[in-house]
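A structural walkthrough
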Amino acid sequence: MFLKLKMAGIDHHTAALAERERAALAAGQVERLLPRIRGTEGAEGCVLLCTCNRTELYLCGDCDAAAAFEAAFGMSPAIVREGMDAARRLFEVAAGLESQIFGDDQILTQVGDAAALARRQKAACGVLDQLFRRAVTAGKRVKTEVRLTAVPESAVRQGVRFAARRLGCLEGRRALVIGNGKMGRLAAGLLREAGCRVAVTLRTYRHGETVIPAGCTACPYDDRYAAMEGADLVVSATASPHWTLTAQAFGELRDPPGLLIDLAAPRDIDPELSAFAEVADLDGLGTPPEAGRAERAAAEAILEEELEAFRQWDAYREALPEIAALKAGICERLRHTPGFPKLCGAQDAEGAAELAVGKTVDLLLGGMKEIVTPQRLAACLERVRKGDLR
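Basis of the calculations
The residue numbering used here restarts from 1 in each chain and proceeds along that chain's sequence as written. Per-residue local features are limited, in this predicted model, to residues with pLDDT of at least 70; the limit for side-chain atom pairs, both in listing and counting, is 80 or more; totals at the level of whole chains, interfaces and linings are taken over all residues. Here the side-chain values reflect all heavy atoms present in the structure, with hydrogen atoms and water set aside. By nonpolar core is meant a set of buried Ala, Val, Leu, Ile, Met, Phe, Trp, Tyr and Cys residues that side-chain atoms within 4.5 Å join together. Think of it in three bands: residues with accessible area under 20% of the maximum for their type are buried, residues over 50% are exposed, and the middle band is partly exposed, with areas taken using a 1.4 Å probe on protein chains only. Put simply, DSSP marks the helices as runs of H or I at least four residues long and the strands as runs of E at least two long, and each gets a number from the N terminus on. A pair is scored as a salt bridge if a Lys or Arg side-chain nitrogen falls within 4 Å of a carboxyl oxygen belonging to Asp or Glu. By definition here, a helix of n residues has an expected span of 1.5 Å times n minus one. At least two bridges found by DSSP between two strands are what make those strands a pair. What counts as an axis is a line fitted to C-alpha atoms, over the stretch in contact for a helix, and the angles between N-to-C directions run from 0 to 180 degrees. Two residues qualify as a contact provided that any one of their heavy atoms is within 4.5 Å of a heavy atom in the partner residue. Per-residue confidence from the prediction method is given by pLDDT, with values spanning 0 to 100. Throughout, the protein atoms alone are placed on a 1 Å grid, and a set of points is a cavity if a 1.4 Å probe fits but cannot get out or a pocket if it is open with protein on both sides within 12 Å along at least five of seven lines; lining residues have an atom within 4 Å of a point. Grid points are joined across faces, edges and corners, and a volume is the space filled by probe spheres set on the points. The residue classification treats Ala, Val, Leu, Ile, Met, Phe, Trp, Tyr, Cys and Pro as nonpolar and Asp, Glu, Lys and Arg as charged. All others, Gly included, are polar. In what follows, a disulfide is any cysteine sulfur pair within 2.5 Å.

**Focus on the nonpolar core**
- In this structure, Leu59, Val111 and Leu131 are the most contacted members of the largest nonpolar core, which totals 58 residues.
- The element best represented in this core is helix α6 (residues 126-145), accounting for 8 residues.
- Counting 28 residues, the second largest nonpolar core, distinct from the first, contains Val160, Phe162, Leu167 and Ala187.

**Remarks on the pattern of salt bridges**
- Applying the stated criterion to the full structure yields 21 salt bridges.
- The partner of Arg20 in a salt bridge is Asp283, with the nearest N and O atoms 2.9 Å apart. Separated by 263 residues along the polypeptide, Arg20 in helix α1 (residues 17-22) and Asp283 in the loop between β10 (278-280) and α11 (293-318) bring together distant segments of the chain.
- Classification of Arg20 as buried rests on a relative accessible area of 3%.
- A residue is classified by how much of its surface remains accessible, and Asp283, at 36% relative accessible area, is partly exposed.
- Where Arg141 meets Glu145, a salt bridge forms, and the shortest distance between an N and an O atom there is 2.8 Å. Separated by 4 residues within a single helix, Arg141 and Glu145 lie in helix α6, roughly one turn from each other.

**Notes on helix α7 (residues 155-167)**
- The end-to-end C-alpha separation of α7 is 18 Å, in line with the 18 Å expected for 13 residues at 1.5 Å each.
- Among the residues of α7, Ala155, Val156, Gln158, Gly159, Val160, Phe162, Ala163 and Leu167 are the ones counted as buried.
- Gly168 lies just past α7 and shows a positive phi near 85°.

**Some words on the sheet that holds strand β9 (residues 259-262)**
- Spatially, β7-β6-β5-β8-β9-β10 is the arrangement adopted by the 6 strands of the open sheet, whose pairing is parallel. Of all strands in the sheet, those bounded by a partner on one side alone are β7 (217-220) and β10. With strand direction ignored, the average angle separating the axes of adjacent strands in the sheet is 20°.
- As paired strands, strand β5 (residues 174-178) and strand β6 (residues 197-202) are joined by 4 bridges and run parallel to one another. Bridging from a neighbouring strand, Ala175 pairs with Val198 of β6.
- Against the sheet, α7 contacts β8 (233-236), β9 and β10, and its axis sits at roughly 165° relative to β9.

**Thoughts on the confidence of the model for the chain**
- On average, residues of the chain carry a pLDDT of 84, and 76% of them reach 70 or more.
- When the elements of the chain are averaged for pLDDT, helix α13 (residues 340-344) gives the smallest value, 54, and β5 the largest, 97.

**Thoughts on empty space enclosed by the protein**
- Counted according to the given criterion, the structure contains 1 cavity of 30 Å³ or more.
- Roughly 160 Å³ of volume is contained in the largest cavity.
- Lining the largest cavity are 16 residues, and of these Cys52, Asn53, Asp104, Gln110 and Ala155 lie nearest its centre.
- Of the residues contributing to the lining of the largest cavity, the split by class is 7 nonpolar, 7 polar and 2 charged.

**Side note on the layout of surface pockets**
- Space inside the largest pocket adds up to approximately 1,200 Å³.
- Around the largest pocket sit 40 residues that line it, and Ala26, Cys52, Thr238, Ala239 and Ala265 are the ones nearest its centre.
- Listing elements by their share of the lining of the largest pocket, those giving two or more residues are α2 (27-38), β2 (43-50), α5 (107-120), α8 (182-193) and β6.
- A total of 6 residues in the lining of the largest pocket trace back to one element, the largest contributor, which is α5.
- Looking at the lining of the largest pocket residue by residue, the classes come out as 23 nonpolar, 12 polar and 5 charged.

**Remarks on the state of the cysteines**
- Scanning all chains against the criterion turns up 0 disulfides.
- Cysteine Cys60 is unpaired, with the sulfur of Cys125 as its nearest cysteine sulfur at 4.0 Å.
- In this structure Cys125 comes out as buried when scored by relative accessible area, which is 14%.

Okay, here's the thing in structure tokens:
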């Protein structure tokens, strides 16, 4: 089945932010797109992983992943993998090894959510479902067994560190955080811990949770420009399809902030604001390439173990028809064994034989999954049929 496992996509290594924005989808958009991709000729299942820094399509079946990606997003994928390489790619992504911020702690949840969404839409197949479950397991092992302390845990943390480097010190600085979602609240909390005076925007029409981190103040989203007068820093982290800051409105401020950090994808801040202040987006917040080398080696060792477990599961699943045939072949041999009914000591000799053979074969092969293949079982069955039991 590994030959039927495929992926195609783009990420921050292969595409600029402007290009990634074209393929960035919200959960509702993914829901609508999945059935269409699932209908690709030859596709047995699909899962679509969309995050701030990547859009990756995983497929199972006799289909063209690159063509399916291009049909869905109107662009050619920069990354194409097949077979075990596709599986390894997902495992590395889930562990945070391919994140813009090495060891990112949010990607693991995003991988699990992508699989759950595909299951709800009945787009995933058994192989992809198991692949994503194994990838999440592998990612969790990396998180618990490998200390990734040499690098930041998320883009938000990296953004706060970036601000501290640029401003020299965050103690006593004024900061405005645009967005009260998970990313916005995390940014506000970290800035407050660093000593900033933090205001967080709230939309007046938003219902439900409006909690802001302790020590922060709130201001209406519509008053954001007034709130940033005299501020040192603005962080924007929303899921808005429109600019939260435009060059025209920002240019009218009397005392504008000098540093703007955009943690959204698609971007929140109009790039033209760079004429008025320093603007850093996700592409400018990456971890240096040399960071986490020792951690990566340890993580990759764990991933190889989990990949081998997935390979064994897939080989055993592929061998199920041969296992059934082997059981039937052995039962057939027993039926023709002289004196078998009397030897069995049961009225239903055939039923007893099937039960005994089935249990025995399951027990034997269950302990040999690392060597079970359809080809080896087919050869074993041939020997049984020929009566060669040596």
